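# Observations on the model geometry
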Amino acid sequence: MKKIFLVFCSFAAVAVACGQMVNKVTDPVEWVNPLMGTDSKPSLSNGNTYPSICVPWGMNFWTPQTGKMGDGWAYTYASDKVRGFKQTHQPSPWMNDYGQFSIMPVTGKLKYREDDRASWFSHKAEVSKPYYYSLYLADADVTTEITPTERAAQFRFTFPKADSSFIVIDAFDRGSYVKLVPAERKIVGYSTRYSRGPLKNFKNYFVIYLDKEFTLSRPWNDKGLVADSLETTASHAGAVVGFKTSKGEKVHLKVASSFISIEQAELNLKKELAADDFDATSRKAKAAWNTQLSKLLAEGGTVDQTRTFYSCLYRALQFPHKMYEYDAAGNRVHWSPYTGDVKPGYMFAGTGFWDTFRALYPFLNFAFPAINREMQEGLLNDYKEGGWLPEWSSPGYANIMIGNNSASVVADAYIKGLRGYDINTLYEALLHGANNEGPIQAVGRAGVRHYNKLGYVPYDMRVNENAARTLEYAYDDFTIYQLGKALGRPKEELALYAGRALNYRNLFDPAHKLMRPRKATGEFVSPFNPLKWGDAFTEGNSWHYSWSVFQDIAGLRNLMGGNTAFVGMLDSVFSQPPLFDESGYGGVIHEIREMQIAGMGQYAHGNQPIQHMIYLYNYGGQPWKTQYWVRESLNRLYKATPDGYCGDEDNGQTSAWYVFSAMGFYPVTPGTNQYVLGAPLFKKITVSLQNGKQLVIHATNNSDANRYVQSVTFNGKLWNKNWLPHDELQKGGVINFVMSATPNKTRGTDEAAAPYSFSKDDVEMYNSVKDIKPAANTTTYSQPDTISKAGLTLIFQDQENTIAPALKNRLVDAYFMQYPKLIAKYNSESPKTVTFFIDPSYSGVAEAGGSTVRFNPAWFDKNPEDLDVVTHETMHLVQGYGYRGVPGWVTEGIADYVRATEGFNNAKASWSMPDLKPDHKYTSAYRITARFFVWITQRYNKDFVQLLDQAARRKTYSDATWTELTGKNVDALWQEYVANPAIR
């Protein structure tokens, strides 16, 4: 750590010792440490970041690659080898990457595979800045330098004297292409690798120019070097160029990419690099960063605080990244992840609204509204091209996380004054998303039928994370109401969403004073452990999610019993030990561990649901506790070092929390025009607003000890409220906080000082909808049936009575006929209690997970004899491993093999395994795989499927398993099967 500390002190914009105060910042980009948060791993996140070599919101980023191809942890600080320098669009290791290829210099022996070409390195020989990166590669004796533009980059390699110097291009696996054009000293190609999808017609095209003649030009692919061609298309393609170099010789590369075409990549290169040399590009990239970073000038903090502030601001200005490009006529165009073709206009990607609605987007609306206006137009194109707003775009629709928080992102932008785009179509998109289930769970609203009927998403209707969804849907409905009001929508429509905004009340349990999941029939789930992570909640527990009533904190406070009880519950978050129940996840996820080690009780700042909670003391008459805990969090949970975050940074959200909090206020309720007061970190921050005005935030007497606000003036007038209005801040002016070592327990303590709450500040509408009661007491949902036999129990859950009694009996009989046989043959540890959940909202046939099988009753209406669906799905319960560590075609092939060999009603259902056809592959379809498995058991090993299933369950499955069980690998077996596919 010390070496990084000293390096960045030397970069400081003023010559001060590291312990002194920074009184002026003139070159803010030099205060940024891109390595902040990079010392992370799957089991413990200190940020899960990588050093992004980029310009603000650029289409492409670059990073040194220490991880293997496809590893989301592309760069980890603890690593000591680099495999390449990768173009990336990765928003998070959990989301992984898309549009990626890498470049790597090599000397001596030609080495092009990623492990072979990897070089040792040291952070002592690493320089990491937003606009420039340099690293010495010890094995090659080459120094790599990189500097970026929005869609292009320049490389400068300093080589040793060598007869054999090389540059390796790796277009990665899952389908790629490269072509060398030696006469032009050019390499072109594309990569199709992505992680979240499916994506239509996805390719990232690239073009690379060198300033040195090639003496060697060789493509390579999965099989090795290609000898007789200058191009190759393969699962994994790449290229090598070689030449002699003299000591200290510099070889330059100009690189650009496009999601549209190679020709567009060429155009991007010419537009953005033109005749610029490496240093000119670096100067422009630095200037681009300073233009944005200098809009917030922090003074009067320590060196550490200043470094941390600008390192966080750097992270807040990256995602979502631009996906649009400029055609030859200068028009904005983009490849559409929804239609697969080229469309006009803006497009952005790489953000999850579950994280970023809270602070990142409000921060853009406050300080950088122009870029968010572009983003709003991008959302319009998402809706027009895909039919839905994305909740996690990576790019397109990623099926991860919960909520319908695009509503907050759209509403907050308009309410904060953004204009000049089609807000009415965006509002239409919000209504569509709020009232429909999407094609995947993370689009629209999963469980919306139940939510609209009951006023909550029930625990027992096979919608995961139901309590968290309820609370987020209620807040999202509030933001729809707020936007609808601003747009002058009909009163009845406004009342509908205002009423739904109060649905949080339906989960409040007075006995615990916390949010508690509820069943469809109205009763609370029992037993209830408020410390249980997951299950009804998302990456948190009830102590974290109970504060997710952003829209009506006063209403939550009153449910808890008033100010004293409310503040007592807030205090309890910090005073409790960091105990947890991980059973909802089946193990300790990294977010749990990060809470446990932070030393702040149940406060889990490393994840988003509770990050606003510190500010809620302002609603309970004790704002000094907000001031204390804000300063504690700023001091203890952030540092501009590789271990500098307390959990996932998450696309600017956790950094935006820091930047807002350092200014002295925070947007607890996006969708309103208020920021809730905290305690400023610096003695002065000057914000240059987009409209040309300046907002100056002074903190008189500010210091580490003087963390309490004695008084506030706004433009010279005493300000006694615990919030600041957005529209007034945008006019510019001066806010002055007078700070002290002792809290002022009279300022901001009365109800008039409290920030916005729906029930307190929108009284007329609140009174018109407040008496809408939860529908749970009058529901027609019925209780599930429980049938036990021979040591097994089946819970048959058809609470909406959608299936005929005769069919129900046949499904029950199929379970008790088939499941005992499968348990005995494959896995005696299988669940002994199973739930059959009949779900009319499910559009598939059936799916299994844990100890539950979900069925679509409409399927059986059309296919009443297809009872061996029970055989297939209960085999999945026996398997237990799903797709974890096992290819999906293996998991499903085993289940269909079992259906084929153990089924009892396949003939009546007209179900059979298909004969081999020329276009078949062993991964093509479950039944094709099943027939292949039958053939293997008859030719090689009668116990093959049982042993394959056993390896998957024991987590020992790999490609080598096939050879261990049959003596041949899977491809050799398939070739033999194709030659003679007969089975008995």
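How each quantity is defined
Residues numbered from 1 in each chain as written. Predicted model: local features only at pLDDT ≥ 70, side-chain atom pairs only at ≥ 80, totals over all residues. Heavy atoms only, no water. UniProt positions renumbered as here; feature names shortened; annotations may be inferred. 1 Å grid on protein atoms, 1.4 Å probe; cavity = no way out; pocket = protein on both sides within 12 Å on 5 of 7 lines; lining within 4 Å. Points joined across faces, edges and corners; volume = space filled by probe spheres on them. Nonpolar A, V, L, I, M, F, W, Y, C, P; charged D, E, K, R; others polar. Domains from an automatic or database assignment. Helix = DSSP H or I, 4+ residues; strand = E, 2+ residues; numbered from the N terminus. Pairing = 2+ DSSP bridges. Contact = heavy atoms within 4.5 Å. Axes fitted to C-alpha atoms, helices over the stretch in contact; angles between N-to-C directions. Buried < 20%, exposed > 50% of the residue type's maximum accessible area, 1.4 Å probe, protein only. Salt bridge = Lys/Arg side-chain N within 4 Å of Asp/Glu carboxyl O. Phe/Tyr/Trp six-rings, centres within 6.5 Å; stacked < 30°, edge-to-face > 60°. Lys NZ or Arg CZ within 6 Å of the ring centre and 35° of its normal. Expected span 1.5 Å × (residues − 1). Polar contact = N/O pair within 3.5 Å; in protein donor to acceptor, adjacent residues only side chain to side chain.

Under an unreviewed UniProt entry, the name given to the protein is Alpha-1,2-mannosidase, putative, and the organism recorded is Cnuella takakiae. If you open the UniProt record of the protein and go to Subunit (unreviewed entry), you find "Monomer." Database annotation for the protein, UniProt heading Cofactor (unreviewed entry): "Ca(2+)".

Right, let's talk about the layout of surface pockets for a bit. In this structure, the second largest pocket encloses a volume near 330 Å³. Lining the second largest pocket are 19 residues, with Glu437, Gln441, Tyr842, Ser843 and Arg854 sitting closest to its centre. Its residues assigned to classes, the lining of the second largest pocket shows 8 nonpolar, 6 polar and 5 charged. Split by domain, the residues of the lining of the second largest pocket number at least three in each of domain 2 (296-327 + 351-764) and domain 3 (785-979).

Note that the residue after glycine 197, namely proline 198, is joined by a cis bond; omega there is 10°. Checked against the element boundaries, proline 198 lands in the loop between β13 (186-191) and β14 (204-210). The peptide bond linking serine 526 to proline 527 adopts the cis configuration, its omega dihedral lying at 0°. Here proline 527 is to be found in the loop between β30 (514-515) and α14 (542-545).

What follows deals with the sheet that holds strand β36 (residues 717-718). Reading across from one edge, β20-β33-β34-β38-β35-β36 is the order of the 6 strands in this open sheet, with mixed pairing throughout. Strand pairing shows two members of the sheet lacking a second neighbour, β20 (296-299) and β36, which therefore form its edges. Looking at chain direction, β20 and strand β33 (residues 684-688) are connected through 4 bridges and run antiparallel. Looking across to β33, one finds that alanine 298 is bridged to isoleucine 685. Seen against the sheet, helix α19 (residues 653-663) touches β20, β33, β34 (694-700) and β38 (733-740) and runs at an angle of roughly 115° to β33.

Before going further, it helps to spend a moment on the UniProt feature "domain: Glycosyl hydrolase family" (unreviewed entry) in the protein. The positions UniProt marks with the feature "domain: Glycosyl hydrolase family" (unreviewed entry) are residues 264-740. For residues 264-740, the end-to-end C-alpha separation is 58 Å, with 40% helix and 14% strand making up the annotated structure.

A word on the pairing of β13. A regular strand places its side chains on the two faces of the sheet in alternate fashion. Burial analysis of β13 places 6 of its 6 residues in the buried class, the great majority of the element. Residues of β13 alternate between two faces, with Lys186, Val188 and Tyr190 on one and Ile187, Gly189 and Ser191 on the opposite face, all of them buried. The pairing of strand β12 (residues 176-181) with β13 spans 6 bridges and is antiparallel. Counted as the bridge partner of serine 176 is serine 191 from β13. In sequence, β12 turns back onto β13 through a hairpin of 4 residues, with arginine 185 there showing a positive phi of about 50°.

By the bridge criterion, 2 bridges tie strand β31 (residues 665-666) to strand β32 (residues 674-677) in an arrangement that is antiparallel. In the sheet register, tyrosine 666 faces β32, and the bridge partner there is valine 676. Here β32 runs beside strand β37 (residues 723-725); their pairing, made up of 3 bridges, is antiparallel. Looking at β37, one finds that valine 676 is bridged to tryptophan 723.

This part is about empty space enclosed by the protein. Counted under the stated rule, the structure contains 10 cavities of 30 Å³ or more. The space that makes up the largest cavity amounts to roughly 140 Å³. Among the domains, domain 1 (35-294) and domain 2 (296-327 + 351-764) are the pair contributing at least three residues each to the lining of the largest cavity. Volume-wise, the second largest cavity comes out at about 80 Å³. Lining the second largest cavity we find Pro320, Phe348, Ala349, Thr351, Phe353, Tyr361, Met375, Gly378, Leu379, Asp382, Pro390 and Ser393.

Before going further, it helps to examine the pattern of salt bridges. When the charged atoms of two side chains lie near each other, side chains of opposite charge can form a pair. All told, the structure shown has 46 salt bridges when counted by the stated rule. Residues aspartate 509 and arginine 516 are paired through a salt bridge, measuring 3.0 Å at the closest nitrogen-oxygen approach. One salt bridge connects arginine 810 with glutamate 865, and the closest N-O pair in it is separated by 3.0 Å. With a gap of 55 residues between them, arginine 810 in helix α23 (residues 805-826) and glutamate 865 in the loop between α24 (857-862) and α25 (869-879) connect regions that are remote in the sequence. Residue glutamate 865 is classed as partly exposed on the basis of its relative accessible area, which comes to 25%. Salt bridges here are not isolated pairs; linked through shared partners, they connect Asp27, Glu30, Lys129 and Lys286.

Here the focus is the packing of aromatic side chains. Evaluation of the coordinates by the stated rule reveals 78 aromatic pairs. Ring plane angle 90° and centroid distance 5.5 Å describe the contact between tryptophan 62 and phenylalanine 101, whose orientation is recorded as edge-to-face. Of the two residues, tryptophan 62 is situated in strand β2 (residues 61-65) and phenylalanine 101 in strand β5 (residues 101-107); the sequence distance between them amounts to 39 residues. Overall, tryptophan 62 belongs to the buried group, its relative accessible area being 1%. For the pair phenylalanine 574 and tyrosine 603, a centre-to-centre distance of 5.4 Å together with 45° between the ring planes defines the contact as tilted. In this pair, phenylalanine 574 sits in helix α16 (residues 563-575) while tyrosine 603 sits in the loop between α17 (590-598) and α18 (623-637), placing the two residues 29 residues apart along the sequence. Like phenylalanine 574, the residue tyrosine 603 is buried in the burial classification. Across the ring face of tryptophan 354, the terminal group of arginine 358 is positioned such that the distance to the ring centre comes to 5.0 Å.

Here α18 is 15 residues long and its end C-alpha atoms lie 21 Å apart, about the 21 Å a rise of 1.5 Å per residue gives. Of all 15 residues in α18, 11 are buried, a share of seventy percent or more. Taken together, the buried positions of α18 are occupied by Pro623, Trp624, Thr626, Gln627, Trp629, Val630, Arg631, Glu632, Ser633, Leu634 and Leu637.

Mapping asparagine 48 onto the fold places it in the loop between β1 (21-22) and β2. Within the structure, the side chain of asparagine 48 is placed 3.3 Å from the side chain of serine 45, a separation counted as a polar contact. A polar contact is formed between the side chain of asparagine 48 and the side chain of aspartate 648, at a distance of 2.6 Å. Not counting chain neighbours up to four residues away, the residues in contact with asparagine 48 comprise Gly37, Ser40, Lys41, Trp73, Pro93, Trp94 and Asp648.

We now examine the sheet that holds strand β41 (residues 833-838). The sheet built from 5 strands is open, its strands ordered β39-β40-β41-β43-β42 with mixed pairing. The outermost strands of the open sheet, each flanked by one partner alone, are β39 (785-789) and β42 (846-849). Averaged over all pairs of adjacent strands, the angle between strand axes in this sheet comes to 15°, irrespective of strand direction. Those strands touched by α23 are β39, β40 (792-797) and β41, and its axis lies near 145° from that of β40. Against the sheet, α25 makes contact with β41, β42 and β43 (852-855), and its axis sits at roughly 20° relative to β42, the strand it touches most.

Turning next to the domain arrangement of the protein. Assigned domains of the protein: these are domain 1 (35-294), domain 2 (296-327 + 351-764) and domain 3 (785-979). Summarising the inter-unit geometry, the C-alpha centres of domain 1 and domain 2 are found 37 Å apart. Taken together, the 48 residues of domain 1 in the interface contact 48 residues of domain 2. If you look at where domain 1 meets domain 2, you find 1 salt bridge.

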